[in-house]
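Single-letter residue listing:
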Amino acid sequence: MRDLTYFIACTSDGFIGDPEGDASAMVSLVDAEFFDFLKTEYPETLPTAGRRPLGIDDLPNKRFDTIVQGRRSYDLALNEGVTSPYAHMRQYVASRTLGESPDPDVEIISDDLVGRVRALKAEDSAYGIYLCGGAELAGALVDEIDELVIKTYPIVQGSGMPMFAAGFSVTPFTLESHRAFGNGTLVRTYRRQR
């Protein structure tokens with residue numbers, strides 16, 4: 001059984017974007033030290049289109065070989081004309097409205113999201129599954145998430161899109177590691193208590 005990891009950026013007050021989900025306010029905080037961490041520890045989480053200009057398109061995947069993202073996250077790429085944003089991984093987009101995939105390398109999950117993710121987790125692989133953005137998606141899959149990697153940036157928004165859009169429940173996780181960066185960013189890794 002492989003892990004589903006919610007690898008997410010958020011503000012210090014727990015928002016992953018503004019009320020519409022725009023997270024561009026956090027991008028300016030990715031300095032040289034933090035970028036070096038990302039390319040060393042999580043290179044596959046950087047979209048394919050950005051890897052070549054950054055000089056990292058030859059880096060192998062370290063942790064994930066599959067990505068599951070929500071429709072809004074996928075729309076960010078589609079709005080730029082990119083139909084396969086993570087071509088270096090198997091790509092799935094959870095959407096009840098998208099219909100047919102605009103790219104043969106991107107599979108749309110339109111129903112039984114939990115069942116499909118459970119099937120992906122049951123596959124035999126040395127790599128995990130990257131859950132990429134989307135409060136609604138994370139809320140729908142909260143019971144399937146094995147690991148949280150939360151990149152917390154030193155900004156406060158006051159309101160916005162939360163990390164999870166789900167009904168109230170208490171789901172315990174245990175802190176496994178944390179790392180602070182010079183720019184004030186903190187990366188915490190939690191393991192689900194089972």
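Below you will find a few notes about this structure. (Residues numbered from 1 in each chain as written. Predicted model: local features only at pLDDT ≥ 70, side-chain atom pairs only at ≥ 80, totals over all residues. Heavy atoms only, no water.)

**Re the sheet that holds strand β1 (residues 4–11)**
Sheet strands line up and pair through hydrogen bonds in the backbone, either parallel or antiparallel. As summarised here, the arrangement of the 8 strands in space is β5-β4-β3-β6-β1-β7-β10-β9, forming an open sheet in which the pairing is mixed. Lying at the two open borders of the sheet, with one neighbouring strand each, are β5 (106–109) and β9 (173–180). The average angle at which neighbouring strand axes cross in this sheet is 25°, direction not considered. Here strand β3 (residues 64–70) runs beside strand β6 (residues 128–132); their pairing, made up of 5 bridges, is parallel. Following the sheet pairing, Thr66 is matched in β6 by Ile129. Lying over the sheet, helix α2 (residues 32–41) contacts β1, β7 (147–153), β9 and β10 (186–192), oriented at roughly 165° with respect to β7. (Pairing = 2+ DSSP bridges. Helix = DSSP H or I, 4+ residues; strand = E, 2+ residues; numbered from the N terminus. Axes fitted to C-alpha atoms, helices over the stretch in contact; angles between N-to-C directions. Contact = heavy atoms within 4.5 Å.)

**Some words on the pairing of strand β4 (residues 90–94)**
Summarising burial for β4: 4 of the 5 residues are buried, a large majority. Sheet analysis places β3 next to β4, joined by 5 bridges and oriented parallel. From the neighbouring strand, Gly70 faces β4, where its bridge partner is Ala94. In this fold, β3 hands off to helix α4 (residues 71–78), which returns the chain to β4; that crossover is right-handed. (Buried < 20%, exposed > 50% of the residue type's maximum accessible area, 1.4 Å probe, protein only. Right-handed = clockwise from strand over helix to strand, strands pointing away.)

**Concerning the environment of Arg72**
With respect to the secondary-structure elements, Arg72 resides in helix α4. Separated by 40 residues in the primary sequence, Arg72 and Asp112 place their C-alpha atoms 19 Å from one another. Ignoring anything within four residues of it in the chain, the contact list for Arg72 reads Glu20, Glu136 and Met161.

**Concerning the packing of aromatic side chains**
The full count for this structure, using the stated rule, is 11 aromatic pairs. Feature note: the residues Phe7, Phe34, Phe37, Tyr42, Phe64, Tyr86, Tyr130, Tyr153 and Phe181 constitute an aromatic cluster, connected by ring pairs. The ring of Tyr42 is capped by Arg63, whose NZ or CZ atom sits 4.3 Å from the centre of that ring. (Phe/Tyr/Trp six-rings, centres within 6.5 Å; stacked < 30°, edge-to-face > 60°. Lys NZ or Arg CZ within 6 Å of the ring centre and 35° of its normal.)

**Details of the side chain of Asp65**
Checked against the element boundaries, Asp65 lands in strand β3. Polar side-chain contacts of Asp65 include one of 2.8 Å to the side chain of Thr66. In this structure Asp65 touches Arg2, Met89, Arg90, Ser125, Tyr127 and Gly128, once residues within four positions along its chain are discounted. (Polar contact = N/O pair within 3.5 Å; in protein donor to acceptor, adjacent residues only side chain to side chain.)

**Description of helix α5 (residues 113–122)**
For an α-helix, 3.6 residues make a turn, and residues three or four places apart therefore share a direction. When we look at burial in α5, the residues that qualify are Leu113, Val117, Leu120 and Lys121. Take α5 and look down its axis: the buried residues cluster within an arc of 100°, on one side only. In this structure, the buried side of α5 is in contact with β1, β3, β4, β5, β6 and α6 (135–140). (Arc of directions from axis to C-beta.)

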